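Examination of the molecular architecture
Listed below are the residues making up each chain.
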Amino acid sequence: MAEFDYDLFVIGAGSGGVRASRIAASHGARVAVAEEFRVGGTCVIRGCVPKKLLVYGSHFAHSLHDAAQYGWTIEGATFDWATLRDFVASDVDRLERAYTSTLNTNNVEHFAERAVVAGPNTVRLASGREISAKFILIAVGAWPVMPEIVGAEHCITSNEVFHLPELPRRVVIQGAGYIAMEFAGIFNALGSDVTVVNRSDVILRGYDHDLTARLQPIMEARGVKFGFNRPIREVQKLADGSLLVHAGEGDPIPADVVLVATGRRPKTDGLGLENAGITLGKGGEIPVDAFSKTACDSIYAVGDVTDRVQLTPIAIREGHAFADTVFGGKPRSTHYDAIPSAVFSQPPIASVGLTEADARAQLGEVRVYTSDFRPMQNMFATQAERGFYKLVVDAGTDKVVGIHMIGPDAPEILQAAAIAVKAGLTKAQFDDTIALHPSMAEELVLMR
Ligand code: NDP
């Protein structure tokens, strides 16, 4: 008789949990996973995937507009939100089935209910059943933060935005981070009147200032309004069902939808971690070591719940490293340097490595190269939006320590360029590389 019901019990079937389950099972572990909502987690169900499909869907607005200048006549083009929304939902269903089948084919037992920690080697399911496991992995992710707003019940978060019954005529978005900028772009392109209000005067804090300084006026030229130093105090529901947003000083803003996107907090409430002697951090996160082990030797945690870097590929990498470490006999930790990231704003931003400001603070002497160009695909476009790329170079070693890009397809281009930064290539090696012409990416090797 085995000492425990399972070798591994995973709580949360999102990106990190599914990867850890599959890899642990492939190393021979007997694995179970509990998921209280849908298999796939935030990224698949109500994050990266459906968001990117909405971005694609909204791009047609610009393409159809520009098409006329390339000789196309598009008569009677109209947009139907329900069609896009339902298409996105059906793709999410497809992916959920794919994730579920991954669990099944790897013999991972799936409990479709909430589980909490009852002790160092015990979880308790919502049904009351207790299950023992040699190891427990917490991969429950994070949850949208709702600031103190009178009338918060009239607001939505990114959890609800994918299910709107109709395309809102007027949208107010609180926050100026990833989600705010991405949905401002989507709703603006689809024809909604969009106002972004933020508590500070900074958009996309953490990104290189030259990128955000380029993005904001482009968004404004496309019709997005910004209200800075305007945290929402109150959202009032009027007799006709519409909303009135009271934010900072200034006139109230009428809206049909108020989307709050003010960060995501680890989803640890009521998870029972105290039963295993684990104390949460200030933001509700689970503190872990380099191998994702918590203060309890039999309990590990990966992904957003640890609040290291809230990005899907990081959760996947941490989940994989955990499984290799604990079940594969190959101790591995995750490296957090040179993480590429993107904001699927319109135009998108992509970045890897140090910003210019961080490089100056950390390295002292840096050289900066920039290219401010009009992408060929915008030549005929009515909006003459310019792209901007920046290379940040450590003057001491000539290594490229940061690449920052805004312009069409920037995320697609940056993924390849991130390999060079991760590999520590020098500016001289960038210069040595022959340009691929005509492309936007060639700017990366032409900056002098
Ligand atoms: P972000 O952390 O990106 O941005 C939060 C925004 O809300 C900031 O503008 C911040 O203002 C503001 N804010 C924070 N707290 C408050 C508060 N209490 N009251 C009012 N405003 C507040 O969060 P998001 O919700 O946009 O996204 C959550 C996370 O999800 C991201 O950090 C990212 O890791 C991930 N994500 C990644 C995506 C991608 O990779 N493309 C896409 C979407 C999400 P200020 O800066 O002024 O402090």
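What counts and what doesn't
- Residues numbered from 1 in each chain as written.
- Predicted model: local features only at pLDDT ≥ 70, side-chain atom pairs only at ≥ 80, totals over all residues.
- Heavy atoms only, no water.
- UniProt positions renumbered as here; feature names shortened; annotations may be inferred.
- Near = heavy atom within 4 Å.
- Polar contact = N/O pair within 3.5 Å; in protein donor to acceptor, adjacent residues only side chain to side chain.
- Areas by Shrake-Rupley, 256 points an atom, 1.4 Å probe, with all protein chains shown as cover.
- Helix = DSSP H or I, 4+ residues; strand = E, 2+ residues; numbered from the N terminus.
- Nonpolar A, V, L, I, M, F, W, Y, C, P; charged D, E, K, R; others polar.
- Pairing = 2+ DSSP bridges.
- Axes fitted to C-alpha atoms, helices over the stretch in contact; angles between N-to-C directions.
- Parallel < 35°, antiparallel > 145°, perpendicular 65-115°, else oblique.
- Left-handed = near helix turned anticlockwise from the far one by under 90°.
- Contact = heavy atoms within 4.5 Å.
- Buried < 20%, exposed > 50% of the residue type's maximum accessible area, 1.4 Å probe, protein only.
- Lys, Arg positive; Asp, Glu negative; His and termini not counted.
- Salt bridge = Lys/Arg side-chain N within 4 Å of Asp/Glu carboxyl O.
- Right-handed = clockwise from strand over helix to strand, strands pointing away.
- 1 Å grid on protein atoms, 1.4 Å probe; cavity = no way out; pocket = protein on both sides within 12 Å on 5 of 7 lines; lining within 4 Å.
- Points joined across faces, edges and corners; volume = space filled by probe spheres on them.
- Expected span 1.5 Å × (residues − 1).
- Core = buried A, V, L, I, M, F, W, Y, C linked by side-chain atoms within 4.5 Å.
- Patch = residues over 30% accessible without salt bridge, like charges linked within 9 Å, V, L, I, M, F, W, Y side chains within 5 Å.

The protein chain carries the name Glutathione-disulfide reductase in an unreviewed UniProt entry, which gives Novosphingobium arvoryzae as its organism. Taken from UniProt, the Sequence similarities (unreviewed entry) comment for the protein chain reads in full: "Belongs to the class-I pyridine nucleotide-disulfide oxidoreductase family."

1. Brief notes about the site of the ligand
Taken together, 20 residues form the shell around the ligand, and within it Ala 176, Arg 199, Ser 200, Gln 310 and Ala 342 come nearest. One of the backbone N or O atoms of Gly 177 is found 3.4 Å from an oxygen atom in the ligand. Note that an oxygen atom of the ligand is positioned 3.1 Å from one of the backbone N or O atoms of Tyr 178. Look at the ligand: alone it shows 910 Å² of surface, and the protein chains cover 78% of it. Among the elements that line the shell around the ligand, the one with the most residues is helix H5 (residues 178–190), at three residues. For the shell around the ligand, the residue count by class is eight nonpolar, seven polar and five charged.

2. Observations concerning the sheet that holds strand S13 (residues 253–255)
Each strand in a sheet pairs with another by means of backbone hydrogen bonds, the pair being arranged parallel or else antiparallel. A sheet is described by the order of its strands in space; here three strands give the open sequence S11-S12-S13, paired in antiparallel fashion. At either end of the open sheet lies a strand with only one pairing partner, and these are strand S11 (232–237) and S13. Taking the axes of each pair of neighbouring strands and ignoring which way they run, one obtains an average angle of 25° across the sheet. Of the strand pairs in this sheet, strand S12 (residues 243–247) and S13 are connected by three bridges, and their pairing is antiparallel. Bridge assignment links Leu 243 to a residue of S13, and that residue is Ala 255.

3. A look at the packing of helix H1 (residues 15–26) against helix H7 (residues 312–327)
Put simply, H1 and H7 touch, their axes get as near as 7 Å, and they point 30° apart. Comparing the axis directions of H1 and H7 gives the class roughly parallel. In this structure, the crossing between H1 and H7 has a hand that is right-handed. Taking contact as the criterion, the partners of Ser 15, Gly 16, Arg 19, Ala 20, Ile 23 and Ala 24 in H1 are, on H7, Thr 312, Ala 315, Ile 316, Gly 319, His 320, Phe 322, Ala 323, Asp 324 and Phe 327. For the contact of H1 with H7, the class distribution of residues is eight nonpolar, five polar and two charged.

4. Examining the side chain of Glu 442
Mapped onto the elements, Glu 442 comes out in the segment after helix H10 (427–432). Although Glu 442 lies buried, it forms no salt bridge, and the closest oppositely charged side chain, Arg 448, sits 10 Å away as judged by the N-O distance.

5. A short note on the sheet that holds strand S14 (residues 257–260)
Pairing in this open sheet of four strands is parallel, and the strands run S10-S9-S8-S14 from one edge to the other. Of all strands in the sheet, those with a lone pairing partner are strand S10 (225–227) and S14, marking the two edges. For this sheet the average axis-to-axis angle between neighbouring strands, irrespective of direction, equals 20°. Relative to strand S9 (residues 193–197), strand S8 (residues 170–174) runs parallel, the two being bridged by five bridges. The residue bridging Ile 173 from the neighbouring strand is Val 196, located in S9. Along the sheet, H5 makes contact with S8, S9, S10 and S14, crossing S9 at roughly 165°.

6. With respect to the pairing of strand S20 (residues 387–394)
Across the eight residues that make up S20, a large majority, eight, are buried. Neither face of S20 is left uncovered, since the one carrying Gly 387, Tyr 389, Leu 391 and Val 393 and the one carrying Phe 388, Lys 390, Val 392 and Asp 394 both have all their residues buried. Two strands pair when backbone bridges link them, and strand S19 (residues 366–373) and S20 are joined in this way by eight bridges, in the antiparallel orientation. Paired with Phe 373 across the bridge in S20 is Gly 387. Joining the antiparallel neighbours S20 and strand S21 (residues 400–406) is a turn of five residues, in which Asp 398 adopts a positive phi near 70°.

7. Comments concerning the pairing of strand S2 (residues 31–34)
Note on strand geometry: in a regular strand, side chains alternate between the two faces of the sheet. Side chains Val 31 and Val 33 project from S2 onto one buried face, and the interleaved Ala 32 and Ala 34 project onto a second face that is buried too. As paired elements, strand S1 (residues 6–11) and S2 share four bridges and run parallel to each other. Across the sheet, the residue bridging to Val 10 is Val 33, located in S2. You can see the chain leave S1, run along H1 and come back into S2, and the turn it takes is right-handed. Here S2 runs beside strand S3 (residues 109–111); their pairing, made up of three bridges, is parallel. Pairing of Val 33 across the sheet is with His 110, part of S3.

8. Points about the layout of surface pockets
As a volume, the second largest pocket reaches approximately 690 Å³. Lining the second largest pocket are 31 residues, and of these His 59, His 62, Arg 222, Gln 377 and Pro 408 lie nearest its centre. Elements with a contribution of two residues or more to the lining of the second largest pocket: helix H3 (48–67), helix H6 (209–222) and helix H9 (410–422). No other element matches H3, which puts nine residues into the lining of the second largest pocket. A breakdown of the residues in the lining of the second largest pocket according to their chemical character gives 12 nonpolar, 12 polar and seven charged.

9. Points about H3
Taking 1.5 Å per residue, 20 residues should reach 28 Å; H3 reaches 28 Å between its end C-alpha atoms and fits that length. Where H3 is buried, its residues contact helix H2 (41–46), helix H4 (81–105) and H5.

10. Details of the nonpolar core
Judged by nonpolar contacts, the single largest core of 61 residues is most densely connected at Met 181, Phe 183 and Ile 403. Listed in part, the 23 residues of the second largest apolar core include Phe 9, Phe 111, Leu 271 and Cys 296.

11. So, a nonpolar patch on the surface
Where nonpolar side chains cluster on the molecular surface, the patch consists of Phe 60, Leu 64, Tyr 70, Trp 72, Ile 74, Met 376, Met 379 and Phe 380 and spans about 890 Å² of accessible area. Within the secondary structure, Trp 72 is located in the loop between H3 and H4.

12. Topic: the environment of Gly 191
Inspection of the secondary structure assignment puts Gly 191 in the loop between H5 and S9. On the basis of relative accessibility, which here comes to 58%, the residue Gly 191 falls in the exposed class. Residues Gly 191 and Val 235, 44 residues apart in the sequence, show an inter-C-alpha distance of 23 Å.

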